[in-house]
Amino acid sequence: MSKSTQISTHPDLFVVETGLGEYSASLKALKTFEAGSTLASIDGVTNTHKAYTSVQFGSAPGQHISLNSDLVYANHSCEPSVYFDLSSPDRSRWHVRAARRIEKGEYITFFYPSTEWDMEQPFECRCGAKSCLRYIRGAKYLTWGELKARGFIAPWIRQCVRQRDAENSQELAAVKL
Ligand SMILES: C[S@@+](CC[C@H](N)C(=O)[O-])C[C@H]1O[C@@H](n2cnc3c(N)ncnc32)[C@H](O)[C@@H]1O
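Residues numbered from 1 in each chain as written. Predicted model: local features only at pLDDT ≥ 70, side-chain atom pairs only at ≥ 80, totals over all residues. Heavy atoms only, no water.

In the nomenclature of an unreviewed UniProt entry, the chain corresponds to SET domain-containing protein from the organism Meripilus lineatus.

Laid out in structure tokens, this is it:
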């Protein structure tokens, strides 16, 4: 995504850092945020089709939004600094919250599989975290243990995991009969 001519949507909170290669832009905090605090509301969104820039907000087909803001530059991390809370049916209550204390100058990152079941554009993860999962393609490809170790997981992802795991254990039971 190119940032060069766009105006910042959150100039007092974040700055978009542009890198050299493709997909190398990132989002940095311009101030310190306490753990659990709300960084920003997720407003101005529009419904869209699944894309590498979209965020999923439910388990039904087509439940994806376009952020239409600098928040789209938040990269994935396996040890994220924020989470996107789109749990409420009331969109005015959608927020970005701090998963831990975030110092000024730190990257704003979220755990993409916390909202995404089966991503449009998987990638080799470069988050550099000790617990890095290496290849990110959505929650569908992770165990519940791998997911829950990362903190916040959206309700629709928890529901899909429960369904998948129930189906797998039924299949296993059928094989054993
Ligand atoms: C919504 S964009 C995030 C902003 C992106 N860095 C850019 O410059 O447009 C998502 C894309 O960024 C890249 N990305 C995000 N987090 C990454 C990570 N931890 N490791 C490698 N690539 C990442 C992937 O190409 C991914 O499809």
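In this structure, what is going on with the nonpolar core? I would like to understand it.
By size, the foremost hydrophobic cluster in this structure holds 46 residues, and its most contacted members are Ile42 and Phe84. Sorting the residues of this core by element identifies strand 1 (14–17), strand 2 (26–29), strand 3 (38–41), strand 8 (82–85), strand 9 (95–98) and helix 2 (155–176) as the ones contributing at least two each. The biggest single contributor to this core is helix 2, with 4 residues. When near neighbours in sequence (up to four residues on either side) are disregarded, Ile42 contacts Ile65, Leu67, Leu71, Phe84, Leu86, Arg91, Trp94, His95 and Val96. (Core = buried A, V, L, I, M, F, W, Y, C linked by side-chain atoms within 4.5 Å. Buried < 20%, exposed > 50% of the residue type's maximum accessible area, 1.4 Å probe, protein only. Helix = DSSP H or I, 4+ residues; strand = E, 2+ residues; numbered from the N terminus. Contact = heavy atoms within 4.5 Å.)

I tried to follow the site of the ligand on my own but got confused; where do I start?
The local shell around the ligand holds 17 residues, among which Tyr23, Ala25, Asn75, His76 and Arg126 are the closest. The backbone of Tyr23 places a nitrogen or oxygen atom 2.7 Å from a nitrogen atom of the ligand. A distance of 3.3 Å is found between an oxygen atom of the ligand and a backbone nitrogen or oxygen belonging to Ser24. Contact with the protein chains removes 95% of the 560 Å² of surface that the ligand exposes when unbound. Within the residue set of the shell around the ligand, elements represented by two or more residues are strand 7 (75–76) and strand 11 (123–124). Considered class by class, the residues forming the shell around the ligand number 10 nonpolar, 5 polar and 2 charged. (Near = heavy atom within 4 Å. Polar contact = N/O pair within 3.5 Å; in protein donor to acceptor, adjacent residues only side chain to side chain. Areas by Shrake-Rupley, 256 points an atom, 1.4 Å probe, with all protein chains shown as cover. Nonpolar A, V, L, I, M, F, W, Y, C, P; charged D, E, K, R; others polar.)

Sorry, what's going on with a nonpolar patch on the surface here?
Together, Met1, Tyr23 and Tyr52 give the surface a local cluster of nonpolar side chains, amounting to about 290 Å² of exposed area. Its location among the elements puts Tyr52 in the loop between strand 4 (46–48) and strand 5 (54–56). (Patch = residues over 30% accessible without salt bridge, like charges linked within 9 Å, V, L, I, M, F, W, Y side chains within 5 Å. Salt bridge = Lys/Arg side-chain N within 4 Å of Asp/Glu carboxyl O.)

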